[in-house]
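Examining the three-dimensional arrangement
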Amino acid sequence: MSDPKILLILMIKNESKIVKRAIESALKIIDGICVLDTGSTDNTVDVVNDIIETLKVERPGFIGKVYSEPFVNFGVSRSKSFDVSVEFLKENGWDLGNTFGLLLDADMVLVVDNPEKIKPRLANYDSSMIYQIQGQYKYFNTRFIKMDKSWRCVGVTHEYWIADDAPRIVVFEDNIYIDDISDGGCKADKFERDIRMLLEGIEKEPDNSRYHFYLGQSYMCVQKPTKSIEHYEKSTFGPASRESHWFALCMISKQYMLLDKSDESERY
């Protein structure tokens, strides 16, 4: 079988200033683009369509399309971006079993040192995790997904990808990573937006420890330590990694320091 093709999958809104940067960073390895716009009020869609038309001329066989759907939440809307990408690939006669989706956001830059090594290594797997670097944080995240699997995105925000029929994972520790610049067009009210969506999520799933953890994070970022402590504590009673439990306890201690409660801080 030939090396797999790669389709860049983007979900965007009001990213006209930076979307070209994201697309250009991936051009070394992609063969097409599928974009889901969730309600841009600027000229983002026009910018992307111009890029696609130029690439079709410069690179014969290159495909690209923009879909539009109203935003629901990150899990639902990202899952929709996968669904429309599958539809688009079928329209163009691509083999889903030999195609990977590259999952990027507009405010990310893909850094690839040896692009010729990526596709051959992906070929025998169902997905790939690569490093994502955001300031002081560096962690693995699923960024390549095989398009013939039943992928869905889980969570109203701080979402993650999962597919029960995709057990084979390859991890790239070198040659490729994501620089998460986080300068997107919808970041101005990020924490308030996340709090709103997470609270809506908890109404339906009150014991979701992941939602409580990220509420703790979000309330800390908007300087509401009492609310932050409340949700961080709730996150430690649910199923989660030891790392997230440890981090929650550290952040609870930090919030008690801000509240001048040194005994409680020391206890945590």
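Residues numbered from 1 in each chain as written. Predicted model: local features only at pLDDT ≥ 70, side-chain atom pairs only at ≥ 80, totals over all residues. Heavy atoms only, no water.

1. Things to note about unusual backbone geometry
A positive phi angle is found at Asn-14, which is not glycine, with a value near 55 degrees. Along the polypeptide, Asn-14 turns up in the loop between strand S1 (5-12) and helix H1 (19-26). Phi is positive for His-158, which is not a glycine, with a value near 50 degrees. With respect to the element layout, His-158 can be found in the loop between strand S8 (152-154) and strand S9 (160-162). (Helix = DSSP H or I, 4+ residues; strand = E, 2+ residues; numbered from the N terminus.)

2. A few points about the pairing of S1
Burial analysis of S1 places 7 of its 8 residues in the buried class, which makes it a mostly covered element. Where S1 meets strand S4 (residues 99-104), 6 bridges bridge the pair, whose relative direction is parallel. Bridge pairing in S4 places Leu-10 opposite Leu-104. One ladder, built from 6 bridges, connects S1 with strand S2 (residues 32-37); its direction is parallel. Bridge assignment links Leu-7 to a residue of S2, and that residue is Gly-32. Considered for its hand, the β-α-β crossover made up of S1, H1 and S2 is right-handed. (Buried < 20%, exposed > 50% of the residue type's maximum accessible area, 1.4 Å probe, protein only. Pairing = 2+ DSSP bridges. Right-handed = clockwise from strand over helix to strand, strands pointing away.)

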